Amino acid sequence: MLTHDAALQWIARWDRQQEGYLPDREERFTALIDAVQALGRPDPVVIDLGCGPGSLSARLLDRLPDAKVISVDADPLLIGLGRAAYPQLTFVTADLRTSGWTDRLGLDGPADAAVSTTALHWISEPELKGMYAELASVLRPGGLLLNGDHMDTDDATPALSRLELAIHELHTERVFGADRPEDWRSWWDAVAADPDLAELDRERTTAGAGHHGSESRLLSQHVEALREAGFTEIGTLWQRGNNRLLCAVRG
């Protein structure tokens, strides 16, 4: 049986694995939560898109304890870890690629912000447009979309894009050198070997065996989809190399 402490240990290992791909992950978390706090509401309603085991949601609630955070993911194993570790969070199982996912959120009014980190790149461009359009329907005017992810610009600025990637790779090498954390596949292999996680229906996981990299890796894909969905001001609030925090304001 999965215990609270065991779930926290698995999530700590998840966080370390993720840091291997973005060593400034905590800095990006901080910038994102700063933007939510800057809305000036002590109790904002925030939707965490592709929340995984709740790493961002938990940090957001630590900073803004009166916030209502709705954490959304399609993966039963990651959701199960989050529910065991963070009972103070509201987890919702929903696939962002499927129309009607917002009906599962239980909202009684518009949300103030939607946040995401290292998740939306796995949604294809057509599905991304549908997801952003549906998201816009539940955000208040002036509400924010804050998406932290690797987003490339080689379709628009190829030389700058190469430099952005080089900055990210050199920073990662300085931080870790040859001592890299375990990678994505190793974490999932370890999950599969733990009998205490069998109850989380890991056979239906979507982020493990079903995850095949970036479907919408370009910054332009996200900007275009957001504009079509009715977001107005769109820009980068924080950046290191090709790792950026994209912000869009609901019109």
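Structural notes, computed from the coordinates. (Residues numbered from 1 in each chain as written. Predicted model: local features only at pLDDT ≥ 70, side-chain atom pairs only at ≥ 80, totals over all residues. Heavy atoms only, no water.)

We now examine the nonpolar core. Of all hydrophobic cores here, the largest spans 43 residues; its most connected members are Leu-60, Leu-81, Leu-146 and Trp-187. Of all the secondary-structure elements, those providing two or more residues to this core are helix H1 (4-19), helix H2 (25-37), helix H3 (55-63), helix H4 (76-85), strand S4 (111-117), strand S5 (139-150), helix H7 (184-192) and strand S7 (243-250). Take this core: its biggest share by element is 6 residues, from H2. In this structure Trp-187 touches Trp-10, Arg-13, Trp-14, Gln-17, Leu-77, Leu-78, Leu-81 and Glu-182, once residues within four positions along its chain are discounted. Counting residues in hydrophobic clusters, the runner-up holds 31 residues, among them Val-45, Met-131, Ala-225 and Ala-229. (Core = buried A, V, L, I, M, F, W, Y, C linked by side-chain atoms within 4.5 Å. Buried < 20%, exposed > 50% of the residue type's maximum accessible area, 1.4 Å probe, protein only. Helix = DSSP H or I, 4+ residues; strand = E, 2+ residues; numbered from the N terminus. Contact = heavy atoms within 4.5 Å.)

For the rest of this paragraph, the subject is the pairing of S5. S5 sits mainly inside the fold: 9 of its 12 residues count as buried. By the bridge criterion, 6 bridges tie S4 to S5 in an arrangement that is parallel. The partner of Ala-114 across the bridge, within S5, is Leu-145. Considered for its hand, the β-α-β crossover made up of S4, helix H5 (residues 125-136) and S5 is right-handed. The pairing of S5 with S7 spans 7 bridges and is antiparallel. Following the sheet pairing, Leu-145 is matched in S7 by Ala-248. (Pairing = 2+ DSSP bridges. Right-handed = clockwise from strand over helix to strand, strands pointing away.)

What follows deals with the packing of H2 against H3. Between H2 and H3, the shortest axis-to-axis distance is 10 Å and the interhelical angle comes to 50°. Looking at the two axes, H2 sits oblique to H3. Pair H2 / H3 crosses with right-handed handedness. The residues of H3 that touch H2, namely those facing Arg-25, Glu-26, Phe-29, Thr-30, Leu-32, Ile-33, Asp-34, Val-36 and Gln-37, are Ser-55, Leu-56, Arg-59, Leu-60 and Arg-63. Partitioning the contact of H2 with H3 into residue classes produces 6 nonpolar, 3 polar and 5 charged. (Axes fitted to C-alpha atoms, helices over the stretch in contact; angles between N-to-C directions. Parallel < 35°, antiparallel > 145°, perpendicular 65-115°, else oblique. Left-handed = near helix turned anticlockwise from the far one by under 90°. Nonpolar A, V, L, I, M, F, W, Y, C, P; charged D, E, K, R; others polar.)

For the rest of this paragraph, the subject is the pattern of salt bridges. Within this structure, the stated rule accounts for 18 salt bridges. Of the charged contacts, one joins Arg-13 and Glu-182 as a salt bridge, the two residues approaching to 2.5 Å between their closest N and O atoms. Here the residue Arg-13 occupies a position in helix H1, and Glu-182 occupies one in the loop between helix H6 (158-176) and H7, the gap between them amounting to 169 residues. A relative accessible area of 24% means that Glu-182 is categorised as partly exposed. For Lys-129, the salt bridge goes to Glu-224, with nearest N and O atoms at 3.5 Å. In this pair, Lys-129 sits in helix H5 while Glu-224 sits in helix H8 (residues 219-228), placing the two residues 95 residues apart along the sequence. For Lys-129, a relative accessible area of 25% corresponds to the partly exposed category. Taking the relative accessible area as the measure of exposure, Glu-224 reaches 36% and is therefore partly exposed. Where salt bridges share partners, they join Asp-15, Arg-25, Glu-26 and Arg-59 into one cluster. (Salt bridge = Lys/Arg side-chain N within 4 Å of Asp/Glu carboxyl O.)

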